[in-house]
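# Structural overview
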Amino acid sequence: MRTSKVLVTWKNFEKIFDDYDVIQFSYDYEKFQQLGHKKSEFDDAKGRAGKEIKALSAVYKMGGKCLYLFRKNSTDEGGIDKYIKEHPYISDYEKIKCFDLRDSQKREKFFLKNDRALLQLLFNSILMPKGEKYSYNNINGKLLYRIESSNSDFSEEKGFLSFINFHLSSEMNLEFPVTTFKAAPYGPLVMDNDLNFRYALNEEDKKLQHYIKESKDGAHNTVTFLDFADVDAALQTKINAIAQFKNKVQEKLSDYFEIDFEILDSEKFNKEILQSENQYYDRTHQHSTSFFNKRGVYLVNYASGDDKAEQIKDSIIENFKKGRLGVDVQLASEIHDDAFNIVIAHDKEYYITHKIPEQDPYKEAHKHKIVQFVTIESYKPQFEEDSPFFLKIVNELEIAGEILDGRLKHVWKAVNRDWTFVHYTVDKKNQEICFYRVRVGTDDSLKFAHFKYTDLLFNNDLDDEAKIVIEYVCELERKGLDEYFEEGENNGLVHYGEVVEGLCYTDVHNIHTIIRTPFHTLPNYEAIIKDVMMSSDTHQVDLVSVREYITNKMDSDFSKDNYRKILTKLEKYGDFIDFKTLKESKIFAHNPLSKKDQWIRNLIDKLYTEKGILVSLEVRSNRMDERYELSNVTDIQYFDGHRPIYNKERNIKKEIPDMSYICGCHNKGMKSSLPVGCIIRSVIWQKKCEFKEIIKTMAVDFVRNDYYYTVLPFPFKYLREYAEMVVYNSL
């Protein structure tokens, strides 16, 4: 199983310093603020320095240190001295010499563990345009990768530009989040006429559109992870960006090192594969009608008169009435207390943009009320009873009703015993840690509770179980309350870049901790992009080689008559045919599930594997699953391993057993695309591992409302909803 952990093979470390100079600046943050600068301007100051001293790229380190890369002997030390004098918040600089790096401690001091900072510095230089007068694109401390396409996530949309930010973490993980920039009159960054995104350099750049770093309001900054639909869709994915990034590293930096991704032994993985029709928890329970009728369903339309709002209203009423539900939805002018409420409104951004806070329906806290918002902006015309859009409404209402009832609609007893789940959040603003707890019983009961860190000190009524949980969480990351609000690397069980997503246990003295690691699993991205490119409409298929191969196989294959039929159909075409015409001809068309068509599937496979000729792109065939390694991003898979525990010097002290798992979409339910990738999660425990008992509680379809399983046992969804619906503003 391929992961996003980067493995580096150094070929010629010294040659880097034959070709480049590396200088480290030291910035004084306190003096920067004393001079009247804002905290948000600190990184921009480093970028402007890189621009002025003509650096190729930069990497920002902790502690105010910043590395700059230059072509060999291109640095102007007099200009650097002058710049530092003009900017007193830069305390000093140091030119790093290869000789000094023979000392391992000095090398780690400059370039961090595993030479990560040096690698990132070189990564950041790979997109430099050749022959460009101002080639300072990557002095923002990141590699911002923009794919040319018509996709709105990669092109300018409503004043935003989006990039994939390739970043090497402290654990040598290649992270690839999406970073967005918003158009602004005086932003420090510009997109020039050659489509180079960089810091503004001169007076001419004032004429260009400027940008500042800012997320889109009310929208997820996402780019599709994987898409087989067509060539254009495939090229707009993160998988393609990763493939292009690796190719660029090979092209530009292979004299110094090579990179590859870690491969885990797939034989160690256990699969929890559940067919969608046999999923453990069935939300289409026969009692749904009586469940909704008990309280009644009301619809409040805060966008009355809007055409889309009217369509949504009519669709909701119709879909609740027909099919399995058979529930009448009542129109209402206000939210009812003990009822299921569906509210049609614009999204939050609409009320902010139009400056009408008095009409904002989100500003009110609907404590102990069941309210499901349906936004006009999220409406999709295909709004049938079984569509994800409608199922989300039904599922969210059912979950809220179960929380208030204190009982699940479906059966938990198959787990055989009670389990407790705890979710906690760190509120930096109020300097508080808030805990939410639910015990799920074999009698389907839900028993909720909530408490705070400070209850440990001031609440005499706090139960012993809650005290143990609070003390465990503080020990988990070896932090007291104050330390939760400090920046820096973690020591102990939770490593830097990891997030504790929840706790669960049958016995509070054997708490299981679910940790989200920064690592992704990856399919065979190179094979995917290669084959999708070969399936482009204009790609020319070599029919001479196809005919020759089939003719040679006719002597030994029992499918002679079928082979002759294919050769006859190919006679009307010349030596080459474009892929689109070949597809439309249906010469290689077949039923992927039919045993009768096994011969043509074998022929297609052999043409590809033996001759490198693609005549049919079969994304979902078993053999393509294997070639593309799609099993790396599908189903629920887990394996037993070990987790290192670090001391304060970040040296490995010992290892403890853990269990890692991934949770993707159902393999058989996978369509032509995967919106998001799979993150590896780790589970640790105190006495013995019992987590495998509840692996199946992630094989549900009512949390993410699509063909994806949920990444945490589903009771955590109930905890999040409980926190918003019942505890909102009460802690």
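### Details of the overall build of the protein
Secondary structure summary: the protein contains 21 helices and 30 strands in total. For the protein, the proportion of its 731 residues judged to be buried stands at 53%. When the accessible surface of the protein is totalled, it reaches about 35,300 Å², and 45% of it is carbon and sulfur.

### Looking at the pairing of strand β1 (residues 2-10)
Regular strands have side chains that alternate between both faces of the sheet. Sheet topology note: the β1/strand β24 (residues 512-522) ladder contains two bridges and is antiparallel. By the bridge assignment, Thr3 is partnered in β24 with Thr521. Judged from the six bridges that link them, β1 and strand β14 (residues 257-263) form a sheet pairing that is antiparallel. The residue of β14 that forms the bridge with Val6 is Phe261.

### So, the pattern of salt bridges
Within this structure, the stated rule accounts for 34 salt bridges. With its nearest N and O atoms 3.9 Å apart, the salt bridge here joins Lys95 to Glu77. On the criterion of sequence distance, the pair formed by Lys95 in strand β5 (residues 90-96) and Glu77 in helix α4 (residues 77-86) is long-range, its members being 18 residues apart. A relative accessible area of 29% places Lys95 in the partly exposed class. Judged by relative accessible area, Glu77 falls into the partly exposed class, the value being 38%. The network of salt bridges with common partners includes Asp21, Lys72, Glu77 and Lys95.

### A word on the nonpolar core
Ranked by size, the top nonpolar core spans 65 residues in total, and within it Phe292, Phe320, Trp412, Phe421, Tyr661, Phe691 and Tyr718 carry the most contacts. Setting aside chain neighbours within four positions, we find Phe421 in contact with Trp412, Tyr436, Arg437, Val438, Val440, Leu503, Cys504, Ile694, Pro713, Pro715, Phe716 and Leu719. Listed in part, the 64 residues of the second largest apolar core include Leu121, Val249, Phe257 and Cys678.

### Some thoughts on unusual backbone geometry
Not every positive phi belongs to a glycine, and Lys54 is a case in point at roughly 60°. A positive phi angle is found at Met172, which is not glycine, with a value near 65°. Inspection of the secondary structure puts Met172 in the loop between β7 (160-168) and β8 (174-175). Owing to a relative accessible area of 7%, Met172 belongs among the buried residues under this scheme.

### Focus: the side chain of Ser169
Structurally, the position occupied by Ser169 is in the loop between β7 and β8. According to the relative accessible area criterion, Ser169 is buried, its value standing at 9%. If sequence neighbours within four positions are ignored, Ser169 has contacts with Arg116 and Glu175.

### Things to note about the sheet that holds strand β3 (residues 57-60)
Read across the sheet, four strands follow the order β3-β4-β2-β5 without closing on themselves; strand pairing throughout is antiparallel. Because the sheet does not close on itself, it has two edges, and the strands there are β3 and β5. Across the sheet, the mean angle separating the axes of adjacent strands is 20° when strand polarity is ignored. Sheet topology note: the β3/strand β4 (residues 65-71) ladder contains four bridges and is antiparallel. Of the residues in β4, the one forming a bridge with Ala58 is Tyr68. Across the sheet, α4 touches β2 (20-27) and β5, and the angle it forms with β5 is around 160°. The sheet contacts of helix α5 (residues 104-111) involve β2, β4 and β5, and relative to β5 the element is tilted by about 130°.

### Structural notes on the packing of helix α10 (residues 307-321) against helix α12 (residues 388-405)
Geometrically, a packed helix pair is captured by the angle between its two axes and the distance between the axes. Across the interface, α10 lies against α12 with an axial gap of 11 Å and an inter-helix angle of 70°. Relative to α12, the element α10 is oriented roughly perpendicular. Our pair here, α10 against α12, has a crossing hand that is right-handed. The segment α10 lies against α12, with Ile316, Asn319 and Phe320 engaging Phe390, Ile393, Val394 and Leu397. The class makeup of the residues in the contact of α10 with α12 is six nonpolar, one polar and no charged.

### A look at the sheet that holds strand β16 (residues 297-301)
To summarise the sheet geometry, strands pair through backbone hydrogen bonds and adopt either a parallel or an antiparallel arrangement. Taken in spatial order, the four strands make up an open sheet running β17-β16-β18-β19, and their pairing is parallel. At either end of the open sheet lies a strand with only one pairing partner, and these are β17 (329-332) and β19 (370-375). With strand direction ignored, the average angle separating the axes of adjacent strands in the sheet is 25°. The sheet contact formed by β16 and strand β18 (residues 340-345) spans five bridges and is parallel. Bridging across to β18, Leu299 finds its partner in Ile342.

### Some details on the packing of aromatic side chains
Going through the model one piece at a time under the given rule, you end up with 37 aromatic pairs. Consider the rings of Phe123 and Phe245, whose centres lie 5.2 Å apart with planes at 80°: the pair is edge-to-face. With a gap of 122 residues between them, Phe123 in helix α6 (residues 116-123) and Phe245 in helix α8 (residues 238-253) connect regions that are remote in the sequence. Taking the relative accessible area as the measure of exposure, Phe245 reaches 1% and is therefore buried. A cation sits over an aromatic face here: Lys109 above Phe110, 5.5 Å from the ring centre.

### Description of helix α16 (residues 543-553)
Taken as a whole, α16 has its buried residues at Leu543, Ser545, Val546, Arg547, Tyr549 and Ile550. On the buried face of α16, the contacting elements are β25 (540-542), α17 (560-570), β26 (576-578) and α19 (598-611). Measuring from the backbone nitrogen of Val544 back to the side-chain oxygen at the start of α16 gives 3.1 Å, which picks out Asp542 as the cap.

### Thoughts on the environment of Val231
Secondary-structure assignment places Val231 in helix α7 (residues 231-235). By relative accessible area, which is 18% here, Val231 ends up buried. Taking the C-alpha atoms as reference points, Val231 and Asp531, 300 residues apart in sequence, are found 9.5 Å from one another. Once you skip the residues sitting within four places of it in the chain, Val231 turns out to touch Val532, Met533, Ser535 and Ser536.

### Here we look at the confidence of the model for the protein
In this model, the protein carries a mean pLDDT of 82, and residues with pLDDT of at least 70 account for 84%. Low pLDDT, under 50, characterises residues 148-156; the stretch is placed with 25 contacts to residues that sit more than four places away or in other chains. The low-confidence segment residues 480-491, where pLDDT is below 50, has 33 contacts with residues more than four positions distant or belonging to other chains.

Reading the values: rules and limits
- Residues numbered from 1 in each chain as written.
- Predicted model: local features only at pLDDT ≥ 70, side-chain atom pairs only at ≥ 80, totals over all residues.
- Heavy atoms only, no water.
- Helix = DSSP H or I, 4+ residues; strand = E, 2+ residues; numbered from the N terminus.
- Buried < 20%, exposed > 50% of the residue type's maximum accessible area, 1.4 Å probe, protein only.
- Areas by Shrake-Rupley, 256 points an atom, 1.4 Å probe, with all protein chains shown as cover.
- Pairing = 2+ DSSP bridges.
- Salt bridge = Lys/Arg side-chain N within 4 Å of Asp/Glu carboxyl O.
- Core = buried A, V, L, I, M, F, W, Y, C linked by side-chain atoms within 4.5 Å.
- Contact = heavy atoms within 4.5 Å.
- Axes fitted to C-alpha atoms, helices over the stretch in contact; angles between N-to-C directions.
- Parallel < 35°, antiparallel > 145°, perpendicular 65-115°, else oblique.
- Left-handed = near helix turned anticlockwise from the far one by under 90°.
- Nonpolar A, V, L, I, M, F, W, Y, C, P; charged D, E, K, R; others polar.
- Phe/Tyr/Trp six-rings, centres within 6.5 Å; stacked < 30°, edge-to-face > 60°.
- Lys NZ or Arg CZ within 6 Å of the ring centre and 35° of its normal.
- Polar contact = N/O pair within 3.5 Å; in protein donor to acceptor, adjacent residues only side chain to side chain.
- pLDDT = per-residue confidence, 0-100.

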